[in-house]
Amino acid sequence: MEKIKEPYVVKDVAGKLGQAFLRNPLTAVLGIVILTLGWISLNTMPREEDPQIAISGGGVVVAMPGATPLEIENIISKPLEKKLREVQGIEHVYSVSMNNVGMVNVMYFIGENREDSNLKLYDKVMQNMDKMPKGVMQPLIKPFDIDIDVPILTFAFYQTKESKLSTVEFNEKLRDLQHEINAIENVAKTTLSGSHKEQFNVEVDMGRLSAYHLSMGQIMMAIKQLAVNVPNVKGRTRDNHLVIFGLSNAIKNINDVKNVMVANYMNSPIYLKDVAKVTKGIDKQNFQDVELIFKESNDPNKPFSKNIPQVTLSVSKLAGTNAVFVANNVLELLEDKIEKFDKLGIKFIETRNYGERANHAVEELMHHLVITIAIIAIMLVFALGWRETIIVTFSVPAILAITLFIAYITGQTINRITLFAFLLSLGLLVDAAIIVIENIHRHLHTEGADKKEMGALLVEATDEVGGPTNIATLAIIMTMVPMAFVGGMMGAFMKPIPYNVPVALFASLVVAYIFTPYLSLKLLKKPEPSKNEEYDMEYNPYGICEICSENHHTHEHDEKSKKKEEK
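This text gives an overview of the structure that appears in the document.

Conventions adopted
- Residues numbered from 1 in each chain as written.
- Predicted model: local features only at pLDDT ≥ 70, side-chain atom pairs only at ≥ 80, totals over all residues.
- Heavy atoms only, no water.
- Helix = DSSP H or I, 4+ residues; strand = E, 2+ residues; numbered from the N terminus.
- Buried < 20%, exposed > 50% of the residue type's maximum accessible area, 1.4 Å probe, protein only.
- Contact = heavy atoms within 4.5 Å.
- Salt bridge = Lys/Arg side-chain N within 4 Å of Asp/Glu carboxyl O.
- Pairing = 2+ DSSP bridges.
- Axes fitted to C-alpha atoms, helices over the stretch in contact; angles between N-to-C directions.
- Phe/Tyr/Trp six-rings, centres within 6.5 Å; stacked < 30°, edge-to-face > 60°.
- Expected span 1.5 Å × (residues − 1).
- 1 Å grid on protein atoms, 1.4 Å probe; cavity = no way out; pocket = protein on both sides within 12 Å on 5 of 7 lines; lining within 4 Å.
- Points joined across faces, edges and corners; volume = space filled by probe spheres on them.
- Nonpolar A, V, L, I, M, F, W, Y, C, P; charged D, E, K, R; others polar.
- Patch = residues over 30% accessible without salt bridge, like charges linked within 9 Å, V, L, I, M, F, W, Y side chains within 5 Å.
- Areas by Shrake-Rupley, 256 points an atom, 1.4 Å probe, with all protein chains shown as cover.
- Core = buried A, V, L, I, M, F, W, Y, C linked by side-chain atoms within 4.5 Å.
- Parallel < 35°, antiparallel > 145°, perpendicular 65-115°, else oblique.
- Left-handed = near helix turned anticlockwise from the far one by under 90°.

1. Structural notes on the overall build of the protein chain
Line of reasoning, step 1. Scanning the protein chain from terminus to terminus reveals 19 helices and 15 strands.
Line of reasoning, step 2. A buried classification covers 41% of the 567 residues belonging to the protein chain.
Line of reasoning, step 3. For the protein chain, long-range pairs separated by at least 24 residues make up 73% of all intrachain contacts whose partners lie at least 6 apart in sequence.

Have a look at this one:
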């Protein structure tokens, strides 16, 4: 009798994917490429501790000399507030009115593009310049720059007892270092807190001031006269040289300041040194003094070092860049400066490293992933077998690799919320692979499986569970989608969860349908064929009985089938 070869009809996308990649030589290459892309994404993707939320806004400062707070409010602040509310995307507008000046601040909705918001703000103010009252000065528009205000590195610099540098020289060295750090790629802003500049300090004796019948205004006017005006450029000579008329620096030493004439009293000149004490020092009006308390060694008997003046250097990065790379580049520069600083008696302590914390969080995730994979593997070894365990274990890094690569190309960063999304979906990632491998395992150990062709059996087992697995995964994805529409600060902060969890779940389906049948074909084996000679019957590769022309999964037939065989 001629064999009936009617193949199994694939009904679901799961079976179609499994059938297409089952014996495709590029399937192994695809797996290697996916893992490689995931590894590259993991190592090059920007790492941050927290997601950077796009908060945009700005302030408009309008000065009107001589105006009272009530006048500023009525003719500047309120009309400007009204006009700024016409700008689409503004969430809050609030103003402050003071003597001579009014400030109107705006904040845009979370997620608004900062550059576009700043342009809207500037455009609206410039459009209404003709409506400003007389006497108003040019408005100052100051956009908020929140993206780069959070430092990723802070260092406390201080002088040792052996240092021979003055306070001014010490601060100059730090400003030189600040300038070098600013030149590092992706460094946005650096600030020095607690630093001081050199200046002449004038301490007025109020008793002498009264004795000479002088006022503080006269002292201020006399000091202002020391400022040299910018030279005027008149033209060029025949030799093409500029002709500049000006004065050389009027202040060369402290005596020049002391001998400034303040006024005339009874036909005698009164100098600044007659009514004030003039010293050369640092900017006393800058009260940003910081003292450092730390322990130089781990010796518990050694006391803390106290009351050491220090200057804090803060480093911020550009938005969307890798905090780890930027921090490492800055630390490399400082390591090159250690020997030079030691000679000058300058030491520093790293007080904050945002990049190190972000890097530690990613490494902690990888550590937990390894532990989770190991736990899953141990459970599957006892439930299915070690070969099936290898197949399911492969799915976890493959799924995460796909998710990381998609997150990388869409401009996301690795942060604590992204890691939380991965951990949240970790228990769901292996569901599809476990369902498929369990059904394959069941089909392999079903009676009559030894008569079926291995490829057809794997495709049938995968296709059989495709429908319910798709529906279950889609239901979980739909529970995450509404989170993407949450607004405000919380919605922007939790955005990585609805972005990454659905991608990871969808990737788990693709990996389960493509690689689980492929790896099963390479690693799993069918049981030994049946030796029942009385009812052993020949099956074609697709499970169609040659006697009754029906699809059977057993070698037993009813009496009608036996009579048909005898005839």
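2. Brief notes about the pattern of salt bridges
Where side chains of opposite charge bring their charged atoms close, a pairing between them can arise.
Line of reasoning, step 1. Under the criterion given, the structure shown has nine salt bridges.
Line of reasoning, step 2. In this structure, Asp205 engages Arg208 in a salt bridge whose closest nitrogen and oxygen atoms are separated by 3.9 Å.
Line of reasoning, step 3. For Arg208, a relative accessible area of 43% gives the class partly exposed.
Line of reasoning, step 4. The shortest N-O distance in the salt bridge between Lys347 and Asp342 comes to 3.2 Å.
Line of reasoning, step 5. Under the relative-accessibility criterion, Lys347 is labelled partly exposed at 35%.
Line of reasoning, step 6. Of the residues examined, Asp342 reaches a relative accessible area of 39% and is grouped as partly exposed.
Line of reasoning, step 7. Each member of the salt-bridge network shares a partner with another, and the members are Lys83, Glu86 and Lys124.

3. Some remarks on the sheet that holds strand β3 (residues 101-108)
Line of reasoning, step 1. Pairing within the open sheet is antiparallel, and its four strands lie in the order β2-β3-β1-β4. Edge strands, defined here as strands with exactly one partner in the open sheet, are β2 (90-98) and β4 (140-143). Between one strand axis and the next, the sheet turns by 15° as a mean value, whatever way the strands run.
Line of reasoning, step 2. As paired strands, β2 and β3 are joined by eight bridges and run antiparallel to one another. When the sheet's bridge partners are listed, Ser95 is paired in β3 with Val104.
Line of reasoning, step 3. Sitting on the sheet, helix α3 (residues 69-84) touches β1 (57-63), β2 and β3, and the angle it makes with β2 is about 165°.

4. Some thoughts on the packing of aromatic side chains
Line of reasoning, step 1. Applying the stated criterion to the full structure yields five aromatic pairs.
Line of reasoning, step 2. When the centroid spacing of 6.1 Å and the interplanar angle of 90° are considered together, the rings of Phe157 and Phe341 count as edge-to-face. Taken together, the residues span a long stretch of sequence, with Phe157 in strand β5 (residues 153-159) and Phe341 in helix α10 (residues 323-344) at a distance of 184 residues. Accessibility assignment for this pair places Phe157 and Phe341 in one class, buried.

5. Some thoughts on helix α14 (residues 431-444)
Line of reasoning, step 1. Here α14 contains 14 residues, and its C-alpha end-to-end distance of 20 Å stays within 8% of the 20 Å for a straight helix at 1.5 Å per residue.
Line of reasoning, step 2. For α14, the set of buried residues is Ala432, Ala433, Val436, Ile437, Asn439, Ile440, His441, His443 and Leu444.
Line of reasoning, step 3. Among the structural elements, α12 (386-409), α13 (416-429), α15 (454-464), α16 (466-480) and α18 (496-523) are those in contact with the buried residues of α14.

6. Brief notes about the layout of surface pockets
Line of reasoning, step 1. The computed volume of the largest pocket comes to approximately 530 Å³.
Line of reasoning, step 2. A per-class count over the lining of the largest pocket returns eight nonpolar, nine polar and three charged.

7. Here we look at unusual backbone geometry
Line of reasoning, step 1. One non-glycine residue, Asn100, lies in positive phi territory at about 75°.
Line of reasoning, step 2. Considering the arrangement of structural elements, one finds Asn100 in the loop between β2 and β3.
Line of reasoning, step 3. Its relative accessible area of 34% is what places Asn100 among the partly exposed residues.

8. Observations regarding the environment of Met478
Line of reasoning, step 1. For Met478, the location among the structural elements is in helix α16.
Line of reasoning, step 2. On the basis of relative accessibility, which here comes to 49%, the residue Met478 falls in the partly exposed class.
Line of reasoning, step 3. Separated by 20 residues in the primary sequence, Met478 and Pro498 have C-alpha atoms spaced 9.6 Å apart.

9. A look at a nonpolar patch on the surface
Line of reasoning, step 1. On the surface, a cluster of nonpolar side chains totalling about 560 Å² of accessible area is made up of Leu26, Val29, Val33, Leu37, Trp39 and Ile40.
Line of reasoning, step 2. Following the sequence through the fold, Val29 ends up in helix α2 (residues 26-44).
Line of reasoning, step 3. You can call Val29 partly exposed: its relative accessible area is 43%.

10. Section: the nonpolar core
Line of reasoning, step 1. Ile414, Ile440 and Leu524 are the most contacted members of the largest nonpolar core, which has 52 residues in total.
Line of reasoning, step 2. Put simply, the parts of the chain that give this core at least two residues each are α2, α11 (354-383), α12, α13, α14, α15 and α18.
Line of reasoning, step 3. When neighbours within four sequence positions are excluded, Ile440 is seen to be in contact with Leu457, Leu458, Ala461, Thr462, Thr516, Pro517, Ser520 and Leu524.

11. Structural notes on the packing of α12 against α14
Line of reasoning, step 1. Axis separation between α12 and α14 bottoms out at 10 Å; the angle between their running directions is 160°. Here α12 is positioned roughly antiparallel relative to α14, judged by the angle of their axes. With respect to the hand of their crossing, α12 and α14 are arranged in right-handed fashion. Along the contact surface, α12 presents Glu388, Ile391, Val392 and Ser395, while α14 presents Ala433, Ile434, Ile437 and His441.
Line of reasoning, step 2. Its residues assigned to classes, the contact of α12 with α14 comprises five nonpolar, two polar and one charged.

The quantities given are spatial measurements derived from coordinates; they are silent on function.
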